[in-house]
Structures are given as C-alpha cells and as structure tokens.
Amino acid sequence: MPHAKKSVSAAQVADEFSRTAKVLVRHFNERLGEHGVSTPRSRLVVEVARSQPVRLTELALAVGIAQGTASTLVDALVRDGLLERQASADDRRSVLLHVTAEGAALAQDWTAGYERAAEELFKPLTEEQLSTLVDILRTLSAEEAPSSD
C-alpha cells in the first residue's frame, strides 16, 4: 500500500528554509574564511569586479544591503587596496567604484571558493531537483521584486 504524502504547512516550509539558509551561510562563511575574507566583503568586491564601474547605491542594491553598510565596507576595502574610487567622466560629483588588480585577483579566488562550496552543498541533489529548486526560489523572490509605482 503506497504511503500518502503528509500535509506540510507553510510555517513548516519556512522553518526548514530558515534552517537550510543558516547551513548555507555557515558553509559559505567557513569556505571564504579559508581565503581570509568575510562573505559581505567578498560579495562587494566580486560584484564591483562583475559590474564596474558602479555607483555605491547600485552596489548596495545589487548585493542586498543598506547603503550605509555598503559605504562602511567600501571604505575598508578601499583602505585595503581592493577597491578604488574614481570620479565619473560624465558627472564629476558622482563617484564610481572599480576593483584594483589585487581586488580582481582575489575576486576570482573567492568566486572559485564560493563555487566549490556551492557544489559541496548541493551535491546530494539531482539536476532535476536543482532546476526545480531554482524555479521555486525565483517564484518566491519575484514576489519581492521592486514595483514600478
């Protein structure tokens, strides 16, 4: 006799999602820690390398953090020689962020570490399960997309 699927509440799904998110964050933090960097710092450098030149407001939005937090992290990354600020050629009052050569090299290392960590974490899932999970997560995050009001 086949087993009937047990009903699952939205709250149970949210609890499992929260637990899994904590596992993901801890795993990524451990792997990036091996490279001597925190996840927030690495995300900023990698995003600047990917989309440079970029304004601070755009960077904060892209990585999902407050502009003040991004500003504090960028200040530290500039001091560390990983990012640099340059005036915009179009608007001298506007400041654009670029990665330095050292920042670009580290961004590549950190991205490779992130990708290895992701492979480790999602190894138990089949291709079909990964595809379904991406579809589900995109559906959920689409609800949070900024409106054009």
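K.L.:
How do you make sense of the pairing of strand 2 (residues 95-99) when you look at a structure like this?
P.N.:
If a strand is regular, its side chains alternate between the two faces of the sheet. Of all 5 residues in strand 2, 4 are buried; the element is thus mostly enclosed. When strand 1 (residues 83-87) meets strand 2, the two strands line up antiparallel, connected through 5 bridges. Within strand 2, the residue paired with alanine 87 across the bridge is valine 95.

K.L.:
How should I be thinking about the side chain of threonine 100 in this particular structure?
P.N.:
Here threonine 100 lies in the loop between strand 2 and helix 5 (101-122). At 2.6 Å, the side chain of threonine 100 forms a polar contact with the backbone oxygen of glycine 81. In this structure, threonine 100 is in contact with Gly81, Leu82, Leu83 and Glu84, ignoring residues within four places of it in sequence.

K.L.:
What's the story with the packing of helix 2 (residues 39-51) against helix 4 (residues 67-79) in this structure? I'm lost.
P.N.:
Two quantities define a packed helix pair, namely the angle between the axes and the distance from one axis to the other. Running from N to C, helix 2 and helix 4 cross one another at 80°; their axes reach a closest spacing of 10 Å. Looking at the two axes, helix 2 sits roughly perpendicular to helix 4. For the pair formed by helix 2 and helix 4, the contact residues are Pro40, Arg41, Leu44 and Val45 on the first element and Ala70, Leu73, Val74, Ala76 and Leu77 on the second. Of the residues that constitute the contact of helix 2 with helix 4, the class distribution is 8 nonpolar, no polar and 1 charged.

K.L.:
Got a minute to help me understand the nonpolar core in this structure?
P.N.:
Here is a general trend for soluble globular proteins: nonpolar side chains tend to be buried in one another's company. In terms of nonpolar packing, the biggest core is built from 17 residues, with Leu44, Val45, Val48, Leu59 and Leu83 touching the most fellow members. Secondary-structure elements contributing two or more residues to this core are helix 2, helix 3 (56-63), helix 4, strand 2 and helix 5. Contacts of leucine 44, omitting those with residues within four sequence positions, involve Leu59, Val63, Ile65, Ala70, Leu73, Val74 and Leu77.

K.L.:
Looking at this model, I keep getting lost on the environment of arginine 50. Mind explaining?
P.N.:
Along the chain, arginine 50 falls in helix 2. Residue class for arginine 50 comes out exposed when judged on its relative accessible area of 61%. Residues arginine 50 and glutamine 67, spaced 17 residues apart in sequence, show a C-alpha to C-alpha distance of 19 Å. Here glutamate 47 takes part through its side chain, which lies 2.5 Å from a polar atom of the side chain of arginine 50.

K.L.:
Would you take a moment to explain helix 4 for this structure?
P.N.:
The first and last C-alpha atoms of helix 4 sit 18 Å apart over 13 residues, in line with the 18 Å expected at 1.5 Å per residue. Residues of helix 4 that are buried include every one of Ala70, Leu73, Val74, Ala76 and Leu77, and no others. With its buried residues spanning 160° around the axis, helix 4 presents them on a single face. Exposed residues lying more than 90 degrees from the buried face of helix 4 are Thr72 and Arg79. In this structure, the buried side of helix 4 is in contact with helix 2, helix 3, strand 1 and strand 2. Phi for glycine 81, located one or two positions after helix 4, is positive at around 80°.

About the thresholds
Residues numbered from 1 in each chain as written. Predicted model: local features only at pLDDT ≥ 70, side-chain atom pairs only at ≥ 80, totals over all residues. Heavy atoms only, no water. Buried < 20%, exposed > 50% of the residue type's maximum accessible area, 1.4 Å probe, protein only. Helix = DSSP H or I, 4+ residues; strand = E, 2+ residues; numbered from the N terminus. Pairing = 2+ DSSP bridges. Polar contact = N/O pair within 3.5 Å; in protein donor to acceptor, adjacent residues only side chain to side chain. Contact = heavy atoms within 4.5 Å. Axes fitted to C-alpha atoms, helices over the stretch in contact; angles between N-to-C directions. Parallel < 35°, antiparallel > 145°, perpendicular 65-115°, else oblique. Nonpolar A, V, L, I, M, F, W, Y, C, P; charged D, E, K, R; others polar. Core = buried A, V, L, I, M, F, W, Y, C linked by side-chain atoms within 4.5 Å. Expected span 1.5 Å × (residues − 1). Arc of directions from axis to C-beta.

In short, the description is geometric, and any link to function would need to be established separately.
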